[in-house]
Amino acid sequence: MRVFVTGASGWIGSAVVPELLGAGHTVVGMARSDEAAAALVAAGVQALPGSLDDLDTLHAAATAADGVIHLAFKHDIAFTGDFAGAATADRSAIETFGAALAGTEKPFVIASGTLGLLPGQVATEQDGLDAAPAGAAVGPQIRHSNAHLTLSFADRGVRSSVLRLPPTVHGDGDNGFMATIVGIARTTGTSVYIGDGSNRWPAVHRLDAATLFRLALEQAPAGSVLHAVADEGVPLRAIAEVIGRHLDVPVTSVSPDDAAAHFTWLAHFLGVDSPASSTLTRELLGWTPTHIGLIDDLIHY
């Protein structure tokens, strides 16, 4: 296939691209900067200058492609106070892709998330299919509805699927949540967990996630929800203990009320108990994670 990928030079995209190329696909990747374009060209990808705001460019690229994988999201503004703006831009892009692909039966895969789907319980692919939870912030509500919009394209002749990623997609070069937690421990000289640390996060190695994006593109039935989950739920205390041993710093607990003083913006996410499974995904697509798990990978951070 000729595959158009947004976010092709990002953390997930830079793993998805070689996975696609290795399977014989050709890739056109959207590039927001000259640096991103150069990285894509060096990887054997055709770089297409543009951003999520260039809706005409997105429409033309999707029309010319045999399938689309949408990974880009405006994280720069999302985590500096304008999550709603980032989610709204994402929705405009998804609407554009849906219009371009309608009636073609071409695959369209978007990235979404598992965090907060079913707090305190193991979330499956069948959870989170209703409206956004009452009281959810505007930005998360919009992003939740974006996934629903994508799934609705199945009724318009698009082989659409939503691939939910866990909050931790780890691996060499990670600069996400785990890298931030390790960085805080290095800076403060203490590895900290919140409360009793029993709250759980699912995780996946980014190379395993990349394989699932390829399988979704190639095989996922229209309207599929997929979970890229390898570790179903790693307790945050276990994560803090490994970091403490690795950095040779003490491991301590902070109360939920004091968590923000230590973790700043990250405290809200770290307090969520949000395990998730991928049993249905594995049965549907035959996906089997083969790379190192989160606990064993933490010593490389």
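Here, every reference points to the structure presented above.
Description of the structure in this document. (Residues numbered from 1 in each chain as written. Predicted model: local features only at pLDDT ≥ 70, side-chain atom pairs only at ≥ 80, totals over all residues. Heavy atoms only, no water.)

Structural notes on the pattern of salt bridges
Turning to step 1, where the next piece is worked out: Summed over the entire model, instances satisfying the criterion amount to six salt bridges.
Turning to step 2, where the next piece is worked out: Linking Glu95 and Arg91 is a salt bridge whose minimum nitrogen-to-oxygen distance equals 3.5 Å. You can see Glu95 and its partner Arg91 sitting in helix 5 (residues 83-101), four residues apart, about one turn around the helix.
Turning to step 3, where the next piece is worked out: A relative accessible area of 26% places Arg91 in the partly exposed class.
Turning to step 4, where the next piece is worked out: For Glu241, the salt bridge identified is with Arg237, shortest N-O distance 3.1 Å. With Glu241 and Arg237 both in helix 9 (residues 236-247) and four residues apart, the pair spans about one turn of that helix.
Turning to step 5, where the next piece is worked out: Its relative accessible area of 30% is what places Glu241 among the partly exposed residues.
Turning to step 6, where the next piece is worked out: Using a relative accessible area of 37% as the deciding quantity, one classes Arg237 as partly exposed.
Turning to step 7, where the next piece is worked out: Three or more residues joined by partner-sharing salt bridges are found here, namely Glu19, Arg214 and Glu218. (Salt bridge = Lys/Arg side-chain N within 4 Å of Asp/Glu carboxyl O. Helix = DSSP H or I, 4+ residues; strand = E, 2+ residues; numbered from the N terminus. Buried < 20%, exposed > 50% of the residue type's maximum accessible area, 1.4 Å probe, protein only.)

Description of the sheet that holds strand 9 (residues 200-205)
Turning to step 1, where the next piece is worked out: With mixed pairing, three strands are arranged side by side in an open sheet as 7-9-11. Each having just a single partner strand, strand 7 (168-170) and strand 11 (231-235) make up the two edges of the open sheet. On average, each strand axis in the sheet is tilted by 40° relative to the strand beside it, whichever way the strands run.
Turning to step 2, where the next piece is worked out: This element, helix 8 (residues 206-219), spans strand 7 and strand 9 of the sheet and lies at about 75° to strand 9. (Pairing = 2+ DSSP bridges. Axes fitted to C-alpha atoms, helices over the stretch in contact; angles between N-to-C directions. Contact = heavy atoms within 4.5 Å.)

Overview of the packing of helix 7 (residues 177-188) against helix 9
Turning to step 1, where the next piece is worked out: Running from N to C, helix 7 and helix 9 cross one another at 50°; their axes reach a closest spacing of 11 Å. As judged from the angle between their axes, helix 7 and helix 9 are oblique. Classified by chirality, the crossing of helix 9 by helix 7 is right-handed. Two secondary-structure elements touch here, helix 7 through Met178, Ile181, Val182, Ala185 and Arg186 and helix 9 through Ile239, Ile243, His246 and Leu247.
Turning to step 2, where the next piece is worked out: Split by residue class, the contact of helix 7 with helix 9 holds seven nonpolar, one polar and one charged. (Parallel < 35°, antiparallel > 145°, perpendicular 65-115°, else oblique. Left-handed = near helix turned anticlockwise from the far one by under 90°. Nonpolar A, V, L, I, M, F, W, Y, C, P; charged D, E, K, R; others polar.)

Quick look at the packing of aromatic side chains
Turning to step 1, where the next piece is worked out: All chains considered together, the criterion is met by eight aromatic pairs.
Turning to step 2, where the next piece is worked out: For the pair Phe177 and Trp201, a centre-to-centre distance of 5.3 Å together with 55° between the ring planes defines the contact as tilted. Remark: Trp201 occurs in strand 9 and Phe177 occurs in helix 7; sequence separation between them is 24 residues.
Turning to step 3, where the next piece is worked out: Classification of Trp201 by relative accessible area gives buried; the value is 0%.
Turning to step 4, where the next piece is worked out: Each residue in the set Phe4, Phe97, Phe108 and Phe153 is aromatic and connected to the rest through ring pairs, giving one cluster.
Turning to step 5, where the next piece is worked out: Positioned above the aromatic ring of Trp11, the side-chain terminus of Arg206 is 4.4 Å from the ring centre. (Phe/Tyr/Trp six-rings, centres within 6.5 Å; stacked < 30°, edge-to-face > 60°. Lys NZ or Arg CZ within 6 Å of the ring centre and 35° of its normal.)

Considering the environment of Ile292
Turning to step 1, where the next piece is worked out: If you trace the backbone, Ile292 turns up in the loop between helix 12 (279-285) and helix 13 (294-297).
Turning to step 2, where the next piece is worked out: Taking the C-alpha atoms as reference, Ile292 lies 8.6 Å from Gly171; in sequence the two are 121 residues apart.
Turning to step 3, where the next piece is worked out: Once residues within four sequence positions are removed from consideration, Ile292 is found in contact with His170, His205, Asp297 and His300.

Brief notes about the nonpolar core
Turning to step 1, where the next piece is worked out: One finds Ile69, Leu163, Leu165 and Phe213 to be the most contacted residues of the largest nonpolar core, which totals 34 residues.
Turning to step 2, where the next piece is worked out: Listing elements by their share of this core, those giving two or more residues are strand 1 (2-6), helix 1 (13-22), strand 2 (26-31), helix 2 (34-42), strand 5 (107-113), strand 6 (159-165) and helix 8.
Turning to step 3, where the next piece is worked out: If one sorts the elements of this core by residue count, helix 8 sits on top with seven residues.
Turning to step 4, where the next piece is worked out: The residues touching Leu165, leaving out its near neighbours within four places in the chain, are Ile12, Ala111, Ser112, Gly113, Thr114, Ala209, Phe213 and Ala228. (Core = buried A, V, L, I, M, F, W, Y, C linked by side-chain atoms within 4.5 Å.)

Description of the environment of Gly13
Turning to step 1, where the next piece is worked out: Along the chain, Gly13 turns up in helix 1.
Turning to step 2, where the next piece is worked out: When the C-alpha atoms of Gly13 and Val45 are compared, they prove to be 12 Å apart, with 32 residues separating the residues in sequence.
Turning to step 3, where the next piece is worked out: Excluding its chain neighbours within four sequence positions, the residues that come into contact with Gly13 are Gly7, Ala8 and Leu71.

Points about helix 5
Turning to step 1, where the next piece is worked out: Spanning 19 residues, helix 5 covers 27 Å between terminal C-alpha atoms, matching the ideal 27 Å at 1.5 Å per step.
Turning to step 2, where the next piece is worked out: Along helix 5, the positions that sit buried rather than exposed are Ala86, Ala87, Ala89, Asp90, Ala93, Ile94, Thr96, Phe97, Gly98, Ala100 and Leu101.
Turning to step 3, where the next piece is worked out: Directly beyond the C-terminal end of helix 5, a positive phi value near 80° is found at Gly103. (Expected span 1.5 Å × (residues − 1).)

Quick word on the environment of Leu118
Turning to step 1, where the next piece is worked out: Here Leu118 shows up in the loop between strand 5 and helix 6 (138-152).
Turning to step 2, where the next piece is worked out: Sequence-distant contacts of Leu118, that is, excluding residues within four places in its chain, are made with Ala123 and Asp127.

Describing the side chain of Thr114
Turning to step 1, where the next piece is worked out: Position of Thr114 relative to the elements: it lies in the loop between strand 5 and helix 6.
Turning to step 2, where the next piece is worked out: Sequence-distant contacts of Thr114, that is, excluding residues within four places in its chain, are made with Arg164, Leu165, Pro166, Pro167, Pro202, His227, Val229, Ser274 and Ala276.

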